[in-house]
Each structure stands twice: as C-alpha cells, then as structure tokens.
Amino acid sequence: LDGTVAQDAVHPAAGLLAKLEATPAEPVPPVQPFDLDIPGGVLGDMVGYMLATARRPQPELSLGASLCAIGALMGRKYRTESNLRSNLYIIALADSGSGKNHSREIINELFFEAGLAQYLGGNKIASGAGLLTALHRQPAMLLQIDEFGMFLEGIADRRRSPRHLTEILDNMTELFTSAGGVFLGAEYANRDGKNERRDINQPCLCVYGTTAPTRFWNALQSANVVDGSLARFIVLATSNEYPDENDGTGIRTAPAALLERLKLIAQGGGHAPAGNLTGLTADPTTAVDPMVVPMDAQAKAAFRDLSVHITERLREARGTAFTPILARIGENAAKVALIRAVAIDPVAPVIRGDDADWAIRFVGTCADRTMADIDRHVADNDIERNHKRIMEIIRSAGPAGITKSDLIGRSRFVDKRPRDEILTTRAEAGMVATAMKATATKPVMVYMACEWRAP
C-alpha cells in the first residue's frame, strides 16, 4: 500500500476482463423500418406532390396523410368483398419543427381546389355529440388533428376528463367498426326535435393526427391498449426527424391531373348511382350501394397466410396487452390494400397480390413498432414510469452499454435504493445484461439492454 511492494505487470483478472470485453451482451436491434416504396396512381401522385413542395420532406407522414384523405373520398362508394371500408385512423409521430404540418396543408388546398371541401372536418372536436352531428351532416369525413397527443390526453383519461370529452374516443371506437352498417345514435330522455336520435348509414370517418412522440406516449395508459381503442390506429413514425431542407419551395399550384383524379374517386369512379339521392345523405332510409372491389387469387392467398400467422401470434400473446393490436392487423391491411387499389384504378379497381403484400408489410411493421414503443413508454404510475425511463437510458447507450457512474448521473430523478431495485428486477427479467469493462485504472460495471421481441 505504501508503494514498497512490487506490483504485478499483468492484472490477475486480465484474462477474465478481456473475455468479458470481447463478448458483450446481445445489442437491442431496432424494429426493422418499413422499406417504403411509394405506390403508383393518385396515392403516389399525392405523396410526390407533398414531397416536392415541402420544406422538410417527410415520406412516411405524406403517405399516412394521403391514405386518410383518399380513404375519406372513397367513403360509402367502395368496399371489399368482406364489406370492409376505407375508414382509417392514422397517427403520425414527429418532433416539432420536422415538417409534419405540410401534408395537412396540402390536403386542405387540394380538397378546396377540387371542390371537395365538404369532406374536411374541423381542426378540433369539442365533444362526442359534436362529432356525431358533424358526421350526420357529412357521413364521409376526414378529420386532421394537430397536436394529437394533447387531444388524446383529454379524451383518454376517464378518471379526470369530463364525459363529453371521453365520449369522443368512445364514438371513434364504435364508428371504426360501424362503417359497413348503421351507426345508431344516442337516445335522449327529451325528444323535442333538438334531441332526436340521429342514425348514420355506413359512416366513413378517417382521422389523421400529428404529434410529438413523447407527448403521444405520455398521454396513453395501459387501459387504452387493452380496451382496443389504440389498436384501431396505425401509428406511423418518421424515419428522419429533420431531413435536409428543400430550397425550391414557394408558391405552389396543384397539378390539374391530380385534382381530376381526386374528383373521380369522390364520384365513385364515375359510376352512376341508382337514384338521385343515393349516398348523399346520412339517413338510413337513403340507399347506399358501394362498388365491390374484388381480390385476385394472389391477394387472397396473402391474406390467408396473414390470418394463419396472426392467429399463431395471438395464441403466443394470450393474456398480454398486445392482442388487440395483433387482432387489427388484418383488418387495417385490407383497408390499406383497398385504398391502394382504388388509387391505381378508380373505375375498375382490383386488389392484386402486390397491393396485398405492400399493405400487409406496411401495417405489420407499424404494429410491431407500436408494440415495442408501448413496452418502452406507456406507464400507469411513477414506479412503472421510472422503470421505463431507466431502460430507455440504457437502451439509448447502444450496444456498448453505459457505465454505472454514467447511469447514476443520468437517472438522478430516482434515489439509489429504488434505482438498484429497478436494475435488479430488469436483470432478473433478462432485459438488462451486465459486464465488467477494463479501463486505464480499474474495471467498471457496464449495463446493456437486451433484445425485445414482439409477441
């Protein structure tokens, strides 16, 4: 200790330390991104126009907005052989300043220039009754909601939010599965003309929301996952928060060919209705007879294979919060395939094999990412929230891991004892691995996140 005793030139544990350093724990691979290829037809034209005019082009967000917009125009005019419709709920996640507002602005401009503004709902929903009143007035409608995370905080918190707000989410959940039939309105004690029950025949509500990821996940609770309200949404995150700016943007003029094709879709491909009021009102006494879009043999085979695969995953995930999300993959994929097919040929659409494959990959990848993000972010109390915050710190360090001293410095929001308990619990669950890493002075403990696999 006083320096008089000779020190070994080689540390006695050098071999063990070298072995530990050479074999780090398995890193956490991110969920594979969707290999985004923009389809053809009016869907591709819309996305291309959005990207060409955006200051910060966002392909994923442009695609999500275009799917919802075309889905609203198709409302009550096209359906699959299983009577699925084009009503989609999509949430786009991107940080502030990343260009997530541009696609909504383009859709507003296109709809106004094409004379289709009646399909645009308001930017905000004040109550569940207000949503139904608007949809009764215009049964096929697109709602574009900015700061969807803030909106979700109000409509998803059943303990603190007033009933007229939570009814919005209740109605949206029910409307999603009512597009192929009649949505029965609320009954009132006093039926004085103002409080009459309003039924809606084959409503088609499309919702496109944009929000920052942190705000969105903080607004959710596990109950929203279990009750299936989140499962109806396709959650679509950008792959590039801040793409390079496009210096060529400025005053824009919508292509005339794009406007004409949007009008054609809104007219049901030019097919003459059976009567002069067909599909124009919400009243169930008015006939609504959408065109049936068939599937070819390859598309049917793709969806049969998907059904078998999803059934296997549902059995593996029995008892978890992920079964509602898995159960909706097939339905949402069929809707996306329907929209893509009509966007390619509005007059005589057919869902082909490539439409089915593309839609299944798109929706499946979004679902896998959503389940991984739920596992990483959604918490119902402070203890669970601290668990997940510490896991995110470890995960963000990458394959090399994070030293214990750095972890302590970045997790000062929690005391030593609960932090140690969290690390022990996560290690026992196989979510965190530890190793000793050699340094110039002494070996240090390193924490590494282990792989998460979707059910």
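Refer to the preceding data block for the structure.
The structure displayed is predicted, hence computed values, not measured ones.

Visitor: I would appreciate a short explanation of the packing of aromatic side chains in the present structure.
Guide: By convention here, two paired aromatic rings are described through the distance between centres and the angle between planes. Under the counting rule described, the total for this entry stands at six aromatic pairs. When the centroid spacing of 5.2 Å and the interplanar angle of 40° are considered together, the rings of Tyr89 and Phe233 count as tilted. In this pair, Tyr89 sits in strand β2 (residues 89–93) while Phe233 sits in strand β7 (residues 233–237), placing the two residues 144 residues apart along the sequence. Per residue, the accessibility class of Tyr89 equals that of Phe233, and both read buried. Counting every residue linked through ring pairs, the aromatic cluster contains Tyr89, Phe148, Phe151, Phe176 and Phe233. Over the face of the ring belonging to Phe176 we find Lys335, whose NZ or CZ atom lies 3.6 Å from the ring centre.

Visitor: Would you explain the sheet that holds strand β10 (residues 432–437) in this entry?
Guide: Taken in spatial order, the three strands of this open sheet run β9-β11-β10, and their pairing is antiparallel. Two strands bound the open sheet, and with one partner strand each, they are β9 (402–403) and β10. Pairing of β10 with strand β11 (residues 444–449), which is carried by six bridges, proceeds in the antiparallel orientation. Bridging from a neighbouring strand, Met436 pairs with Met445 of β11. Helix α15 (residues 382–396) contacts β9, β10 and β11 of the sheet and is inclined by roughly 100° relative to β11.

Visitor: How should the pairing of strand β6 (residues 204–211) be read in this particular structure?
Guide: The side chains of a regular strand alternate, first on one face of the sheet and then on the other. Of all eight residues in β6, eight are buried, a share of seventy percent or more. Burial along β6 is two-sided: Cys204, Cys206, Tyr208 and Thr210 and Leu205, Val207, Gly209 and Thr211, pointing in opposite directions, are all buried. Sheet topology places β2 next to β6; five bridges connect them, and they run parallel. Note on β6: the bridge partner recorded for Ile90 is Tyr208. Across six bridges, the pairing between strand β3 (residues 140–145) and β6 is parallel. Among the inter-strand pairings, Leu142 is bridged to a residue of β6, identified as Cys206.

Visitor: What should I look at first to understand the nonpolar core in this one?
Guide: Grouped burial of nonpolar side chains is what soluble globular proteins tend to show. Within the largest apolar cluster, 110 residues are counted, with the highest numbers of intra-cluster contacts made by Met46, Leu110 and Phe111. Discounting residues that sit within four places of it in the chain, Met46 has contacts with Ser66, Ala69, Ile70, Ile107, Leu110, Leu258 and Leu262. In terms of nonpolar packing, the next biggest core, distinct from the first, is built from twelve residues, Ile390, Leu407, Val414 and Ile422 among them.

Visitor: Explain helix α13 (residues 329–344) here, please?
Guide: Each turn of an α-helix holds 3.6 residues, which means side chains three or four residues apart point in the same direction. With 16 residues, α13 ought to run about 22 Å at 1.5 Å a step, and its terminal C-alpha atoms sit 23 Å apart, in line with that. Most of α13 is tucked away, with 14 of its 16 residues classed as buried.

Visitor: Would you mind showing me how to read the packing of helix α2 (residues 41–53) against helix α4 (residues 102–113) here?
Guide: In helix packing, the relevant descriptors are the interaxial angle and the interaxial distance, both defined with respect to the helix axes. Between α2 and α4, the least distance of the axes is 10 Å, while the angle of their chain directions is 120°. By the criterion of interaxial angle, the relationship of α2 to α4 is oblique. Relative to α4, the crossing made by α2 is right-handed. On α4, the residues that touch Met46, Tyr49, Met50 and Thr53 of α2 are His102, Ser103, Ile106, Ile107 and Leu110. Of the residues assigned to the contact of α2 with α4, the class counts are six nonpolar, three polar and no charged.

Visitor: Teacher, can you tell me more about the sheet that holds β6 here?
Guide: The strands making up a sheet associate through hydrogen bonds between their backbones, and the pairing can be parallel or antiparallel. Overall, parallel pairing links the four strands, which are arranged β3-β6-β2-β7 in an open sheet. Of all strands in the sheet, those with a lone pairing partner are β3 and β7, marking the two edges. Each adjacent strand pair in this sheet contributes to an overall mean axis angle of 15°, direction not counted. The sheet strands contacting helix α3 (residues 59–73) are β2, β3, β6 and β7, and the helix crosses β6 at an angle near 160°.

Visitor: Is there a simple way to think about the side chain of Glu331 in this case?
Guide: Summarising the element assignment, Glu331 is placed in helix α13. Among residues more than four places away in sequence, those in contact with Glu331 are Leu84 and Phe176.

Visitor: Is there a simple way to explain the environment of Ala301 in this structure?
Guide: Residue position: Ala301 is located in helix α11 (residues 297–316). Sequence separation of Ala301 and Ala356 is 55 residues, and the distance between their C-alpha atoms is 9.3 Å.

Visitor: In this structure, what is going on with the side chain of Gln144? I would like to understand it.
Guide: By the element assignment, Gln144 lies in strand β3. The exposure class assigned to Gln144 is buried, which follows from its relative accessible area of 5%. Ignoring anything within four residues of it in the chain, the contact list for Gln144 reads Arg104, Ile107, Asn108, Leu120, Gly122, Asn123 and Tyr208.

Definitions and cut-offs
Residues numbered from 1 in each chain as written. Predicted model: local features only at pLDDT ≥ 70, side-chain atom pairs only at ≥ 80, totals over all residues. Heavy atoms only, no water. Phe/Tyr/Trp six-rings, centres within 6.5 Å; stacked < 30°, edge-to-face > 60°. Helix = DSSP H or I, 4+ residues; strand = E, 2+ residues; numbered from the N terminus. Buried < 20%, exposed > 50% of the residue type's maximum accessible area, 1.4 Å probe, protein only. Lys NZ or Arg CZ within 6 Å of the ring centre and 35° of its normal. Pairing = 2+ DSSP bridges. Contact = heavy atoms within 4.5 Å. Axes fitted to C-alpha atoms, helices over the stretch in contact; angles between N-to-C directions. Core = buried A, V, L, I, M, F, W, Y, C linked by side-chain atoms within 4.5 Å. Expected span 1.5 Å × (residues − 1). Parallel < 35°, antiparallel > 145°, perpendicular 65-115°, else oblique. Left-handed = near helix turned anticlockwise from the far one by under 90°. Nonpolar A, V, L, I, M, F, W, Y, C, P; charged D, E, K, R; others polar.

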